[in-house]
Amino acid sequence: MTLVLKGVMQSPVTPLKADFSPDYDTFERLVDFHVRTGATAISWPHHKAESHNLTIAERKALAEVAIKAVAKRVPISIHVSALALEDTFDLARHAQAKGADAIIAITPYFWKYPPEAIYDYFVKLGTSFDLPLIAYNSPSYLDGIEFTGELTARLIQRLPNFIGMKEASFNSEKYFEILRAALPLRPNFAMIAGVEYLLPSISLGGAGSYSSAGAICPNLCVELYEACAAGQWGRARAAQYKLSQLWLIFRDQYPSSLKGGCVIMGRPVGPTRPPLPTASPERVKFIEKRLQELGILDTEPHGW
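Draft legend 1. View of the side chain of T14. Within the secondary structure, T14 sits in the loop between β1 (7-10) and α1 (24-36). Within the local environment of T14, its side chain forms a polar contact with the backbone oxygen of A49, the two atoms lying 2.7 Å apart. In contact with T14, other than residues within four places in its own chain, are W44, A49, E50, L54, L62, K259 and V269.

Next up, the structure:
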């Protein structure tokens with residue numbers, strides 16, 4: 001596979017109207033904004049995009065908007081995971097038919113699956129479609145269901161289109177052990193940090209991140225990546241410390257706090273679909289105060 005992923009890749013939120021229906025026009029503007037402000041790839045819908053709260057029909061329609069908005073300027077991967085296996089394969093078929101560059105899938109939801117079941121699941125997905133496959137590892141959210149170095153190596157040996165992993169354990173030991181197993185077998189295997197912890201991940205051999213804070217401060221995210229890629233660790237630490245503080249703000253009441261931050265930056269993306277709560281005016285005011293203290297309001301783009 002020739003698709004190479006690196007840098008600050010964006011996984012956009014999902015704009016909604018006041019009645020909680022998808023706002024397709026705003027979504028097109030948001031995806032375009034990410035590409036214009038330095039995203040090296042787009043991947044949608046991750047959990048901050050409220051994928052669990054979207055219907056399969058909505059996910060297909062929004063995926064088509066995203067693919068059209070990207071317009072081949074950067075690679076776009078579509079997250080196809082769903083509770084029902086049939087829905088996952090339906091979303092993957094749709095992504096391939098509509099021109100996505102890759103598909104991304106998390107370990108199966110809800111049940112505590114053994115490693116062999118995870119292996120079989122990804123082999124079936126990876127051998128059913130021609131697109132490059134990215135795995136998504138998030139053991140903290142999925143009760144310890146996770147990739148190991150051994151499982152990753154087996155999948156690389158079995159699947160020529162298995163090109164990378166979004167690794168969201170936030171555990172450097174786990175991250176490194178997967179990389180240690182993967183890179184000798186597939187030197188271009190892209191280990192992508194779940195959010196902006198680029199300083200520890202790139203120093204271990206990671207490729208970049210799927211960004212959350214990039215919805216608010218794309219300049220700072222690019223600054224961090226470029227400093228890490230250049231080995232300018234003092235400069236990288238300064239950017240990482242600031243982004244770490246931002247992640248703690250957005251992680252609280254996630255993803256509604258992220259959408260609240262978008263409002264502050266002049267890019268309103270609507271409410272969060274119930275049962276997730278929408279950021280209150282008090283919460284938005286608190287976020288704005290913190291963004292001001294961190295210098296974000298003066299150094300990042302406002303509006304579209």
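Draft legend 2. Here's a closer look at the pairing of strand β6 (residues 162-167). Within β6, six of the six residues are buried, which leaves it mostly tucked inside the rest of the structure. Where strand β5 (residues 133-137) and β6 come together, five bridges link them in parallel fashion. From the neighbouring strand, L133 faces β6, where its bridge partner is F162. Where β6 and strand β7 (residues 190-193) come together, four bridges link them in parallel fashion. Looking at the pairing, E167 lines up with A193 of β7.

Draft legend 3. Spatial organisation of the environment of P15. Relative to the helices and strands, P15 is located in the loop between β1 and α1. P15 has contacts with S21, P22, D23, T26, F27, L30 and V269, leaving out every residue within four places of it along the chain.

Draft legend 4. Quick look at the packing of aromatic side chains. Within the structure shown, the criterion is met by seven aromatic pairs. Ring plane angle 50° and centroid distance 5.3 Å describe the contact between F27 and W44, whose orientation is recorded as tilted. Residue F27 is located in helix α1, and its partner W44 is located in strand β2 (residues 42-44); the two are separated by 17 residues in the primary sequence. The burial state of F27 is the same as that of W44; both residues are buried.

Draft legend 5. Region of interest: the layout of surface pockets. Taken as a whole, the second largest pocket encloses approximately 150 Å³ of empty space. Along its surface, the second largest pocket is lined by E167, S169, F170, N171, S172, Y175, A193, G194, Y197, P200, S201 and L204. At the level of elements, α6 (172-182) and α7 (198-203) are the ones that each hand at least two residues to the lining of the second largest pocket. Looking at side-chain class alone, the lining of the second largest pocket contains six nonpolar, five polar and one charged residues.

Draft legend 6. Geometry of the environment of L297. Position of L297 among the secondary structure elements: in helix α12 (residues 296-299). The exposure class of L297 is buried, given its relative accessible area of 15%. In this structure the C-alpha to C-alpha distance between L297 and I264, which are 33 residues apart in sequence, comes to 8.7 Å.

Draft legend 7. Just unusual backbone geometry, in detail. Cis geometry is adopted by the peptide bond preceding P45, which originates at W44 and carries an omega value of 0°. For P45, the position within the fold is in the loop between β2 and α2 (56-70). Following Y254, the chain continues into P255 via a peptide bond in cis, with omega recorded as 0°. On the secondary structure map, P255 appears in the loop between α9 (233-251) and α10 (256-264). Its identity is not glycine, yet A71 carries a phi of approximately 55°, on the positive side. As for its position among the elements, A71 is in the loop between α2 and β3 (76-79). Under the relative-accessibility criterion, A71 is labelled partly exposed at 49%. Although it is not a glycine, Q253 sits at a positive phi angle of roughly 60°. For Q253, the location among the structural elements is in the loop between α9 and α10.

Draft legend 8. Expanded view of the pattern of salt bridges. Per the stated rule, a full pass over the model turns up 13 salt bridges. One salt bridge in this structure joins R36 and D32, with 2.6 Å as the shortest N-O distance. Pair noted here: R36 and D32 are both in helix α1, with a separation of four residues, about one helical turn. Relative accessible area serves as the criterion here: at 45%, R36 is assigned to the partly exposed category. Judged by relative accessible area, D32 falls into the partly exposed class, the value being 22%.

Draft legend 9. Highlighting the packing of α9 against helix α11 (residues 281-293). As a packed pair, α9 and α11 sit with axes 11 Å apart at the nearest point and diverge in direction by 180°. Regarding the angle of α9 to α11, the classification is roughly antiparallel. For the pair α9 and α11, contact is made by Q245, L246, I249 and F250 and by R283, I287, R290 and L291, respectively. By residue class, the composition of the contact of α9 with α11 is five nonpolar, one polar and two charged.

Cut-offs applied
Residues numbered from 1 in each chain as written. Predicted model: local features only at pLDDT ≥ 70, side-chain atom pairs only at ≥ 80, totals over all residues. Heavy atoms only, no water. Helix = DSSP H or I, 4+ residues; strand = E, 2+ residues; numbered from the N terminus. Polar contact = N/O pair within 3.5 Å; in protein donor to acceptor, adjacent residues only side chain to side chain. Contact = heavy atoms within 4.5 Å. Buried < 20%, exposed > 50% of the residue type's maximum accessible area, 1.4 Å probe, protein only. Pairing = 2+ DSSP bridges. Phe/Tyr/Trp six-rings, centres within 6.5 Å; stacked < 30°, edge-to-face > 60°. 1 Å grid on protein atoms, 1.4 Å probe; cavity = no way out; pocket = protein on both sides within 12 Å on 5 of 7 lines; lining within 4 Å. Points joined across faces, edges and corners; volume = space filled by probe spheres on them. Nonpolar A, V, L, I, M, F, W, Y, C, P; charged D, E, K, R; others polar. Salt bridge = Lys/Arg side-chain N within 4 Å of Asp/Glu carboxyl O. Axes fitted to C-alpha atoms, helices over the stretch in contact; angles between N-to-C directions. Parallel < 35°, antiparallel > 145°, perpendicular 65-115°, else oblique.

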